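The lines below spell out each chain.
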Amino acid sequence: MLRFLLAQSSFNLWVIFLAENLLVTLLALLFGWLVLKLNHKPIKAASRQEVFICILTNVINTVITYAGFWLWQHGYIRFSYSVSWRIIFDFLALFMLMDLAMFLFHYAIHRSVLYKAIHQFHHHYADPIPIDLFVLHPLETVGFGTLWIMIIVLFNFNLYAVFIYLVVNVFFGIMGHLGIEPIPAGIRNTVPFKYLGTSSFHHRHHSDIHHNYGFYTNIWDKIFGTYKG
C-alpha cells in the first residue's frame with residue numbers, strides 16, 4: 001500500500017486521502033445509525049450546518065493526512081512493520097498517550113477563553129447525534145490533528161498498531177455521540193468497561209461541560225477530579 005502511495009502524484013494523493021476520509025466518515029455514520037436502529041431510538045436528521053461542517057472537517061483531515069504522509073516520506077515519521085507482540089504494546093501505548101494528550105487539550109480549552117471562541121460550537125446540542133463527532137470548529141480540528149502528528153513524530157510506533165488505533169478512535173468517537181447508552185449498566189460496571197469512556201460518560205460531558213473531559217477512558221478525569229458518573 002505504501003509503495004502504491006509513493007508512486008502517486010501529489011494530485012492523486014490529495015484525491016485518495018480525501019476519499020479515504022469521506023469513506024471513514026460514511027462508515028462511522030452508518031455504524032452509528034445501525035446502533036440507534038438496533039436500540040429502537042429515533043434518528044435525528046442532521047442540519048445543513050452540521051453537514052457543511054462535517055465536510056469541512058473532512059477537508060481539514062485530508063490536509064492533516066497529507067502532512068503526515070509527507071513527514072513519513074521525508075523521514076520525520078518512522079514506523080516499524082514487524083508482525084509481533086509489539087503491535088499490542090504499541091497500540092496500548094498510543095491509546096493511552098493520545099487519551100492523555102486529548103484530555104489535557106480538551107481540559108485546557110474548557111478552562112480558557114478558547115471555549116467560547118472555539119469549543120462551544122461543538123456543544124451547541126446537549127444531546128449529540130453521530131454526525132456531531134465531525135462537527136468541530138476548524139481550529140479545533142487542526143488542534144487535534146496537530147496533537148496526533150506530534151505523537152507519531154516523537155515516537156516510533158508499529159504501523160499495524162497505528163491502523164488499529166485509528167479504527168478504535170473512530171469507534172469511540174461515534175459511541176460518544178450516539179445520544180444513547182447501548183451498553184447495559186451491568187456490563188459498564190465490569191472491567192474493563194468501568195474504566196472506559198462509554199457513551200453515557202461522554203453524553204454527561206455534553207450536558208455538564210465541567211466534567212468528563214476524557215475520550216477513551218475516564219482515568220484522567222478520576223485523577224484530576226473532573227469525573228462524574
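The sections below set out a description of the structure shown in this document. (Residues numbered from 1 in each chain as written. Predicted model: local features only at pLDDT ≥ 70, side-chain atom pairs only at ≥ 80, totals over all residues. Heavy atoms only, no water.)

1. Points about the packing of helix α2 (residues 10-38) against helix α3 (residues 48-73)
- One way to put it is that α2 packs onto α3 with a least axis distance of 9 Å and a crossing angle of 130°. By the angle between their axes, α2 is oblique relative to α3. Once α2 is placed against α3, the crossing between them reads as right-handed. Seen from α2, the contacting residues are S10, L13, W14, F17, L18, E20, N21, L22 and T25; seen from α3, they are C54, N58, N61, T62, V63, T65, Y66 and F69.
- Classifying every residue of the contact of α2 with α3 gives nine nonpolar, seven polar and one charged. (Axes fitted to C-alpha atoms, helices over the stretch in contact; angles between N-to-C directions. Helix = DSSP H or I, 4+ residues; strand = E, 2+ residues; numbered from the N terminus. Parallel < 35°, antiparallel > 145°, perpendicular 65-115°, else oblique. Left-handed = near helix turned anticlockwise from the far one by under 90°. Contact = heavy atoms within 4.5 Å. Nonpolar A, V, L, I, M, F, W, Y, C, P; charged D, E, K, R; others polar.)

2. Observations regarding helix α6 (residues 138-154)
- An ideal rise of 1.5 Å per residue puts 24 Å on 17 residues; α6 measures up with 24 Å between its terminal C-alpha atoms.
- Looking at α6, one finds that the buried residues are E140, T141, G143, F144, G145, L147, W148, I149, I151 and I152.
- On its buried face, α6 is in contact with α3, α4 (86-110), β2 (157-158) and α7 (159-176). (Expected span 1.5 Å × (residues − 1). Buried < 20%, exposed > 50% of the residue type's maximum accessible area, 1.4 Å probe, protein only.)

3. Focus: the pattern of salt bridges
- In this structure the tally under the stated criterion is two salt bridges.
- As a salt-bridge pair, R86 and D90 come within 2.8 Å of each other at their nearest N and O atoms. One end of the pair, R86, and the other, D90, are both in helix α4, four residues apart, so they sit about a helical turn from each other.
- The residue D208 makes a salt bridge to K228 at a minimum N-O spacing of 3.1 Å. One end of the pair, D208, is in the loop between α9 (199-207) and α10 (219-224); the other, K228, is in the segment after α10, with 20 residues separating them in the sequence. (Salt bridge = Lys/Arg side-chain N within 4 Å of Asp/Glu carboxyl O.)

4. Structural notes on the side chain of E140
- Residue position: E140 is located in helix α6.
- Although buried, E140 forms no salt bridge, and the nearest oppositely charged side chain, R111, lies 14 Å from it.
- With residues near it in sequence (within four places) discarded, E140 still touches F105, I109, I118, H119 and H122. (Lys, Arg positive; Asp, Glu negative; His and termini not counted.)

5. Regarding the nonpolar core
- Of all hydrophobic cores here, the largest spans 32 residues; its most connected members are L94, M98, M102, W148, Y165 and Y216.
- Going through the elements one at a time, α2, α3, α4, α6 and α7 are the ones with two or more residues in this core.
- Residue contributions to this core peak at seven residues, all from α4.
- Residues contacting W148, with those up to four places away along its chain left out, are L94, M98, V162, Y165 and L166.
- Within the second largest apolar cluster, 14 residues are counted, among which are A28, L36, C54 and I129. (Core = buried A, V, L, I, M, F, W, Y, C linked by side-chain atoms within 4.5 Å.)

6. Quick look at the side chain of H205
- With respect to the element layout, H205 can be found in helix α9.
- A distance of 3.0 Å separates the side chain of H205 from the side chain of H106, its partner in a polar contact. (Polar contact = N/O pair within 3.5 Å; in protein donor to acceptor, adjacent residues only side chain to side chain.)

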